[in-house]
Amino acid sequence: MDADLVLEGGGAKGVALAGAAAQLYDVGYRFQRIAGTSVGALVGALLAAGMSPTELEATARRLDLIAIAPLSRWSRLGRWGRQAAVLFERGVYDHAPLRRWLTRELARFGVRTFGDLRIDDPDAAFSPGRNYRLVVTATDITRGRPVRLPWDAVDYGLDPNEMLVADAVAASAALPMAFEPVRLRTASGEEAVLVDGGLLSRFPIDVFDRADRKASRWPTVGLKLSAFPEHEGFVVRHRVSGPLSYLQALLGTAVASWDVRHLDDPAVVERTVFVDTSDVSTLDFSLSQDLRDDLVDRGRAAARAWLAEDLDRQP
């Protein structure tokens, strides 16, 4: 079955996405277009370039996350060094190794720029400027708005075909205070500062939906790194006991609000595979081998459960 794939962000826990994608692939799903945020953008870039879900799963099981997302130079000096890293480098972790690793992996499949990921689809509902196998989301804090790359490259006076895939993924994954933002020089000489797309929405499930509400060319399947949203009544998610917890509650609510609205829509829930990774920290790059394998296995199990819920989902 041909389908579009949308991948949620979630940092280290994103290895579970590989297991879910591999399970869907094993039963016959073939992904035509892929969208992702943060680690979802990273996984999506590899799949869009041509890495099979089977190889992706094997990579997720063995990949040393600390090697590609090490502490920055300042952060290695301890607590005060981490504060200095945030002040001077805008991030505790160094994402240059991640960009180099992704660049090498993409090159194995002949991919460097989004021009290498163009698709010839004369019957597509989107404009020709959006005919790419991959779209990643980021947040432009200089303009105060979400961006979809390479689709929105033209807003900066740039040729989307020439945009580096690794740069777009790095922007999508630049979690504020954790990773340095990506600076994008526009054609007019201005500088845009791009950070994690998850700042506004970690799960862009509607990115391939048609504006006229007609059926899309391919159905969309979403992979989400959280448990199924059961109706829980009144649940306290952010305890407010002082100025710091108040600020954290404000930021947490702002980040999650758009995606929570999505999940109030039964149609969104129906096309989403929920992988419960709530017990794993987004920034736990020191995942043990057992936990990494467990997360991949959780992804596979969640995809199997989703397929079993409705026989129509079976290719």
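A brief report on the enclosed structure follows. These numbers were taken from a predicted model, which means no experiment stands behind them.

Calculation criteria
Residues numbered from 1 in each chain as written. Predicted model: local features only at pLDDT ≥ 70, side-chain atom pairs only at ≥ 80, totals over all residues. Heavy atoms only, no water. Core = buried A, V, L, I, M, F, W, Y, C linked by side-chain atoms within 4.5 Å. Buried < 20%, exposed > 50% of the residue type's maximum accessible area, 1.4 Å probe, protein only. Helix = DSSP H or I, 4+ residues; strand = E, 2+ residues; numbered from the N terminus. Contact = heavy atoms within 4.5 Å. Axes fitted to C-alpha atoms, helices over the stretch in contact; angles between N-to-C directions. Parallel < 35°, antiparallel > 145°, perpendicular 65-115°, else oblique. Left-handed = near helix turned anticlockwise from the far one by under 90°. Nonpolar A, V, L, I, M, F, W, Y, C, P; charged D, E, K, R; others polar. Pairing = 2+ DSSP bridges. Phe/Tyr/Trp six-rings, centres within 6.5 Å; stacked < 30°, edge-to-face > 60°. Lys NZ or Arg CZ within 6 Å of the ring centre and 35° of its normal.

Things to note about the nonpolar core
Side chains that are nonpolar tend, in soluble globular proteins, to be buried together.
And step 1. Counting residues in hydrophobic clusters, the biggest one holds 84 residues, and the most contacted among them are Leu24, Val165, Val221 and Leu223.
And step 2. Per-element tally for this core: the top contributor is helix H2 (residues 39-49), with nine residues.
And step 3. The contact partners of leucine 24, leaving out residues within four places of it in the chain, are Tyr29, Phe31, Val221, Leu223, Ala303, Trp306 and Leu307.

Section: the packing of H2 against helix H7 (residues 165-172)
And step 1. Look at H2 against H7: their axes get within 8 Å of each other, and the N-to-C directions meet at 155°. Between H2 and H7, the angle is such that the two are roughly antiparallel. When you trace H2 past H7, the crossing you get is right-handed. Each of Ala41, Leu42 and Ala45 in H2 lies in contact with H7, whose residues at this interface are Val165, Val169 and Ser172.
And step 2. When the residues that make up the contact of H2 with H7 are grouped by side-chain class, the tally is five nonpolar, one polar and no charged.

Observations concerning the environment of arginine 202
And step 1. Looking at where arginine 202 falls in the secondary structure, it is placed in the loop between strand S8 (191-196) and strand S9 (220-224).
And step 2. Arginine 202 sits in the partly exposed class, given a relative accessible area of 35%.
And step 3. Spatially, the C-alpha atom of arginine 202 lies 7.6 Å from that of serine 38, the residues being 164 residues apart in sequence.

Topic: the pairing of strand S7 (residues 182-185)
And step 1. Going residue by residue along S7, you find Val182 and Leu184 tucked away on one face and Arg183 and Arg185 left uncovered on the opposite face.
And step 2. Where S7 lies against S8, four bridges are found, and the strand directions are antiparallel. Paired with arginine 183 across the bridge in S8 is valine 193.
And step 3. Where S7 hands over to S8, the hairpin turn is made up of five residues, of which glycine 189 adopts a positive phi near 95°.

Some remarks on the packing of aromatic side chains
And step 1. Per the stated rule, a full pass over the model turns up four aromatic pairs.
And step 2. An angle of 70° between the planes, with centres 6.4 Å apart, marks the rings of tryptophan 151 and phenylalanine 208 as edge-to-face. With tryptophan 151 in the loop between strand S5 (145-149) and H7 and phenylalanine 208 in the loop between S8 and S9, this residue pair connects regions lying 57 residues apart in the sequence. Across this residue pair, the class does not change: tryptophan 151 and phenylalanine 208 are buried.
And step 3. One residue, arginine 118, lies across the ring of tyrosine 132, its end atom 4.9 Å from the ring centre.
And step 4. Taking the ring centre of tyrosine 156 as reference, the NZ or CZ of arginine 143 above it sits at 5.2 Å.

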